[in-house]
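# Fold and contact review
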Amino acid sequence: MLDTLGSLEKTHSCGELRETDVGKKVVLMGWVAKKRDFGVLTFIDLRDRDGVTQIVVSEETDLDAHEKAKALRGEYVVAVRGEVFSRAEGTHNKRLATGDVEVHVHELLILNDAKTPPFELEKMGSQNLASEDLRLKYRYLDLRRPTLQHNIRMRAKAVRAIREYMDGLGFTEIETPILLKSTPEGARDFIVPSRIHTGKFFALPQSPQILKQICMIAGLDKYYQIARCFRDEDLRADRQPEFTQLDVEMSFANQEMVYRVIEGMFTAVLRLIGVELPNPFPRMTYAEALRRYGSDKPDLRFEMELQDLTENLRGTDFAPFASVLENKGEIKALVVKGKADYSRKTTDELQEFVKRYGAGALAWIKLGEETTSSLLKVLGEAKIAELATAAGAEKGDAVLIVAGKKSTVAAALGALRLEVAKRENLIDRSLYKPLLVTEFPMFEYNDETGQFDAAHHPFTSPMDEDLEKFRTAIEDETQHHLLGEVRAKAYDAVLNGYECAGGSIRIHQKEIQALNFKALGLSAETARTRFGFFLDALEYGTPPHGGFAAGIERTCMILCGTENIRDVMAFPKTASAQDLMMDSPGDVDNAQLKELGIKIAG
């Protein structure tokens, strides 16, 4: 029969006791992590969220407690009353914070038993984890692991630090609704049917974007929110259908004002792990980031910039390169120091890697005792030597070359740069390198639709210097291509290769907002249907305003040193957007569907 807790209260956590507590009478409660039976003595590792304490149950001290201890198994829930002793000489455990002491038990209560877990929690080191799907199905067990316990508590500390920082700057925390109108911002909305208004639907917010701008129109001046957001996106390993972000907006703001808030917020959060970030952050335009690193979120913890070989190959007879240059593409390279000994197997693997990003092939030069190259026969020794020199390669290095459209070359080499750095252990993980990326393009050309899409969202303001070009491109159909040259007052905060925050100065004048909708192919009628309330609000004295959103999960990934977003969420979904623990999404019975006026086709 199980015991009851009654009025017993614990005095200490299982990670708290030290040598200074020797002689104290204590009450501990937790889970049995491990049991070792030595006949007259039973040793138990008792675990709670704070750590582990060794418990000693002796037949001589309390026969009833000792008999109970014999019956214990892993994950049983127990309470013990006892006295703190120093461990015997030679038995101290340096791996535990409590490793110098143990508790000799006078009373043991078994508060609950437990089935044998489907995986062994005590043997789950980072290299010995059960499958992620199994751990997500039994998430309540997985969360007992000290690593995840630490991560969840670190997340709470980060959110608290953010709130303290924002409150200190005079921002007001404002909650915005979860049930909204569908106003597509790039990803698909999650739709919620209305029972009361049959045939009508709410949408879950992709972000509070429009509402925080409404707060500025309302004169609230400085808004922030720890906002829950929802996006019905296609499957990606590093994304979740629901996530949390710090959402910020401020009136009468320019980019520099927003940058200072971003820098200060990340500085406050990184101090939680003893890291002091530079102030101000280094800056780089979007164009420069792509030119130098092939990415708008470059990891600056290692070098290896892209090298442009386009002009060196201008006029080449080699058909693949000639075709690329004729079509205004480019040819760029990465130099991998000391890797002239790359095997054929390695270069083949890297070739397959860049093909995932649209590259047709990966050419290479190896500057070993002899110079070899996949291009030697077609370009000749002199040209190969010239290319190696132009790339800044030295003896012992490997040069990896990609040709194609500018966007393809950037994507392929940007990803390859990171892949090589991970393979060759080039990343110093003790470093924290922030970057502000500025002057993003306002529009992206969509090859499938033949139209320009918003690079961020349709409320982003063009750069003042590009405003005339923006107007010309929209009002003169022959100049529509100029939209591709318009820069936005948009910016991202990048840390160690992760885009941790993004924002912009918004459009605050109705005329500019109407032009932007037109640029995106929205008719006046469609714009009115989707955003009429917002267009109306712009007519009532809207101040200049701007802000940003910072991903809580991505920031916590950096704080906790993990590359898996699910490691910093209590109850994440799988990469296929399922909750294996609750078995959702699930079916809804016909009565509910009928009440909502919904019929499932097929």
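Figured I'd write up the structure that's included with this text. (Residues numbered from 1 in each chain as written. Predicted model: local features only at pLDDT ≥ 70, side-chain atom pairs only at ≥ 80, totals over all residues. Heavy atoms only, no water.)

A few words now on the overall build of the protein. Across its full length, the protein holds 16 helices and 22 strands. The principal-axis extent of the C-alpha atoms belonging to the protein is close to 95 × 75 × 55 Å. Scored against the burial criterion, the 602 residues of the protein give a buried share of 47%. Within the protein, contacts between residues at least 6 apart in sequence are counted, and of these 68% link residues at least 24 apart. For the protein, the computed accessible surface area is about 30,600 Å², with 50% contributed by carbon and sulfur atoms. The average position of the 79 basic charges and that of the 93 acidic charges among the side chains of the protein differ by 1 Å. (Helix = DSSP H or I, 4+ residues; strand = E, 2+ residues; numbered from the N terminus. Buried < 20%, exposed > 50% of the residue type's maximum accessible area, 1.4 Å probe, protein only. Contact = heavy atoms within 4.5 Å. Areas by Shrake-Rupley, 256 points an atom, 1.4 Å probe, with all protein chains shown as cover. Lys, Arg positive; Asp, Glu negative; His and termini not counted. Charge placed at Lys NZ, Arg CZ, Asp CG, Glu CD.)

Relative to the 16 Å expected for 12 residues at 1.5 Å per residue, helix 9 (residues 344-355) spans 17 Å between its end C-alpha atoms, a close match to the ideal helical length. For helix 9, every residue scored as buried is listed here: Thr-346, Thr-347, Leu-350, Gln-351, Phe-353 and Val-354. The buried residues of helix 9 occupy an angular sector of 160 degrees when the element is viewed end-on, so they sit on one face. Opposite its buried face, helix 9 presents the exposed residues Arg-344 and Lys-345, each directed more than 90 degrees away. (Expected span 1.5 Å × (residues − 1). Arc of directions from axis to C-beta.)

The next point concerns a negative patch on the surface. A contiguous patch of negative charge on the surface is contributed by Glu-59, Glu-60, Asp-64 and Glu-67. Of note, Glu-67 is situated in helix 1 (residues 63-71). Judged by relative accessible area, which is 52%, Glu-67 ranks as exposed. (Patch = residues over 30% accessible without salt bridge, like charges linked within 9 Å, V, L, I, M, F, W, Y side chains within 5 Å. Salt bridge = Lys/Arg side-chain N within 4 Å of Asp/Glu carboxyl O.)

This part is about the nonpolar core. Counting residues in hydrophobic clusters, the biggest one holds 42 residues, and the most contacted among them are Ile-162, Met-166, Leu-246, Val-258, Met-265, Phe-266 and Phe-548. Only helix 4 (146-168), strand 9 (222-230), strand 10 (242-251), helix 6 (255-270), strand 20 (490-495), strand 21 (498-505), strand 22 (545-551) and helix 15 (552-560) provide two or more residues apiece to this core. Ranked by residues supplied to this core, first place goes to helix 6 with eight residues. Look past the residues within four positions of Leu-246 in its chain and what remains in contact with it is Ile-162, Met-166, Tyr-224, Gln-225, Ile-226, Met-265, Phe-548, Ala-549, Ala-550 and Ile-552. (Core = buried A, V, L, I, M, F, W, Y, C linked by side-chain atoms within 4.5 Å.)

For the rest of this paragraph, the subject is the sheet that holds strand 2 (residues 41-48). What the five strands build is a closed barrel, ordered 1-2-3-5-4; its pairing is mixed. Adjacent strand axes in the sheet meet at a mean angle of 55 degrees, parallel and antiparallel pairs treated alike. Across the face of the sheet, helix 1 comes into contact with strand 1 (25-38), strand 2, strand 3 (51-58) and strand 5 (101-112) while running at roughly 70 degrees to strand 5. (Pairing = 2+ DSSP bridges. Axes fitted to C-alpha atoms, helices over the stretch in contact; angles between N-to-C directions.)

Only a minority of non-glycine residues have a phi that is not negative, and only a minority of peptide bonds are not trans. For the peptide bond that leads from Asn-279 to Pro-280, omega is 5 degrees, which places it in the cis range. For Pro-280, the position within the fold is in the loop between helix 6 and strand 11 (283-285). Residue Pro-585 follows Ser-584 across a cis peptide bond; omega there is 5 degrees. Locating Pro-585 in the fold gives a position in the loop between helix 15 and helix 16 (590-596). For Ala-577, which is not glycine, the phi dihedral falls at a positive 60 degrees. One can find Ala-577 in the loop between helix 15 and helix 16. Using a relative accessible area of 31% as the deciding quantity, one classes Ala-577 as partly exposed. Within the chain, Asp-583 stands out as a residue other than glycine whose phi angle is a positive 55 degrees.

Throughout the structure, instances matching the rule amount to 13 aromatic pairs. Judged by centre distance (5.6 Å) and plane angle (80 degrees), the rings of Phe-38 and Phe-43 are edge-to-face. By relative accessible area, which is 53% here, Phe-38 ends up exposed. Arranged with centres 5.4 Å apart and planes meeting at 45 degrees, the rings of Phe-353 and Tyr-357 form a pair that is tilted. One residue, Lys-366, lies across the ring of Trp-364, its end atom 4.4 Å from the ring centre. A cation over an aromatic ring shows up here: Arg-417 above the ring of Phe-302, its NZ or CZ 3.9 Å from the ring centre. (Phe/Tyr/Trp six-rings, centres within 6.5 Å; stacked < 30°, edge-to-face > 60°. Lys NZ or Arg CZ within 6 Å of the ring centre and 35° of its normal.)

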